[in-house]
Amino acid sequence: MDLSRQPEGVVVAVPVLPNGMNGPQAIEAQRDLVDDLVESLPHRQWVHWYYTPMALSFSRHLSPGLCIYDNMDELSAFRGAPPRMVALERELLRRADIVFTGGQSLFEAKKDRHPNVHAFPSSIDAGHFHQARGKALDEPEDQAAIPHPRLGFFGVIDERMDVDLVGRMADLRPDWQFVMIGPVVKIDPAALPQRPNLHWLGGKSYQELPAYLSGWDAGIMPFAINESTRFISPTKTPEFLAAGLPVVSTPIRDVIRPYGDLELVEIAADAETFVQKAEEAIARAGEPWLARVDEHLATMSWDMTWQSMDQLMASTSRRPAITDLPDVAEAIHV
C-alpha cells in the first residue's frame, strides 16, 4: 500500500498490485491490504465513505462505525461500467446508514431506495475561482496567442460531451475561439472535431484554472443528452459563475434547476440557439447579473456542505459532530 500524506491532513492509500493479476486475485490482494491498513489505525472505530459500490468487493467484511454512500453520479450509466455495478449498488444501499446524492435529480431517483437519503448538489470554493475576475493573472502560454472572443470549457472530455455540437458551433462562428481544457477519456481523440478556432489544450491542474478562465469571455457546457448525463450536477456550473463568466449549457436538469430558472445560466438545445444565447449572455454580463450570482453562491460553500453532512452523520450515528470535537481525526482515503 502506497501511503502519502496530503497538505490538508488526509493520508491517501493507493494499493499497488502486481501486473497480471486476474479479478479475484486483485480483490483478495486489496482485501489483505485494507486489513493491514485498518489494523495499523490507532483506534478501532472508523467510517466507510463509499464513492463507488465496486469498493465493496474488498471491504464488505469490515464493520465500520458508520457506512456512507456518497452517490455522486449514476456510475452504472457510464461507458465501460462493470456489469456487477448495479448489484453491488443494491448491496451498498442495504448496508449504508446514510446516503448523500450529488444533485437533485439523483436524489429523486434514489430517495425511495433508502430511508436516509439527502441531496447535496455541487458546492463552490468561491475564493479560488474569484481570482479569475481580477484579470491580473498571468496569461498561460498556450492560451496567450488565441484571439478573442474566447468561449471555454474545462473538465473531463468523454462520452458526456456532445462533440458534434462543439464542431457545429465552431462552424457557425469562425470568428469565435473555443478553448477546450481537460483530459480525453474513453473516447477516441481522433473523433474530436478539428477547426482553426477549436483549441484542445489538454488537462490542467485545479490551481491553473483561474488563470485560464480569466482570459475567457464566456463558459460553455456542451453536454450530450444521454444516459450518462441524465443525473449529473456539474460542479463547473458554480465555478464558472464564481469566475464571473456568463454560462451557456445544454438542457441538463440540474443546471436548469436552479440556474436556468434563476436566469443565472442560459440554456440551449442546439448549436444555433447556443451561439445566440452566448451572444446575449456576454452582452448582458455585468453588475446586476453578477450581484445575483454572488447572492446565490453565498449559500453553497463546501464548508457549509460539510457542516450539514457532518450534522447528519452525527444524528445518524449518535456521535458528536466532528465540528464539535476539539481535535479532528485523521482521515485515510483509499
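In case you missed it, the structure is sitting above this.
Residues numbered from 1 in each chain as written. Predicted model: local features only at pLDDT ≥ 70, side-chain atom pairs only at ≥ 80, totals over all residues. Heavy atoms only, no water.

## A short note on the sheet that holds strand β7 (residues 150-154)
Across the sheet, six strands lie side by side as β9-β8-β7-β10-β11-β12; this open sheet has parallel pairing. Edge positions in the open sheet fall to β9 (198-202) and β12 (266-267), since each of these has one partner strand only. Bridge count between strand β11 (residues 247-249) and β12: two bridges; the pairing is parallel. Bridging from a neighbouring strand, V248 pairs with E266 of β12. (Pairing = 2+ DSSP bridges. Helix = DSSP H or I, 4+ residues; strand = E, 2+ residues; numbered from the N terminus.)

## Observations regarding the packing of aromatic side chains
Counted according to the given criterion, the structure contains nine aromatic pairs. Ring centres of F100 and F120 lie 5.3 Å apart, and the angle between their planes is 90 degrees; on these two criteria the pair is classed as edge-to-face. With F100 in strand β5 (residues 98-101) and F120 in the loop between β6 (117-119) and α4 (126-130), this residue pair connects regions lying 20 residues apart in the sequence. Between F154 and F240 the ring centres are 5.1 Å apart and the planes differ by 70 degrees, which places this aromatic pair in the edge-to-face class. Here F154, found in strand β7, pairs with F240, found in helix α8 (residues 236-242); they are 86 residues apart in sequence, far enough to count as distant. A single burial state applies to F154 and to F240, both of which are buried. One aromatic cluster is present, built from ring pairs that chain together F129, F154, Y206, W216 and F240. Just above the ring of F154 sits the side chain of K236; from NZ or CZ to the centre is 5.8 Å. (Phe/Tyr/Trp six-rings, centres within 6.5 Å; stacked < 30°, edge-to-face > 60°. Buried < 20%, exposed > 50% of the residue type's maximum accessible area, 1.4 Å probe, protein only. Lys NZ or Arg CZ within 6 Å of the ring centre and 35° of its normal.)

## A closer look at the pattern of salt bridges
In the structure shown here, the tally under the stated rule is 19 salt bridges. Residue K110 pairs with E89 through a salt bridge whose shortest N-O separation is 3.0 Å. Here E89 lies in helix α2 (residues 85-95) and K110 lies in helix α3 (residues 104-110), a separation of 21 residues in the sequence. Across this residue pair, the class does not change: K110 and E89 are buried. With its nearest N and O atoms 3.3 Å apart, the salt bridge here joins E108 to R257. Within this pair, whereas E108 is found in helix α3, its partner R257 is found in helix α9 (residues 253-260), the two being separated by 149 residues in sequence. Here E108 falls in the partly exposed class, since its relative accessible area comes to 31%. Through salt bridges with shared partners, a single network forms among R60, E91 and R95. (Salt bridge = Lys/Arg side-chain N within 4 Å of Asp/Glu carboxyl O.)

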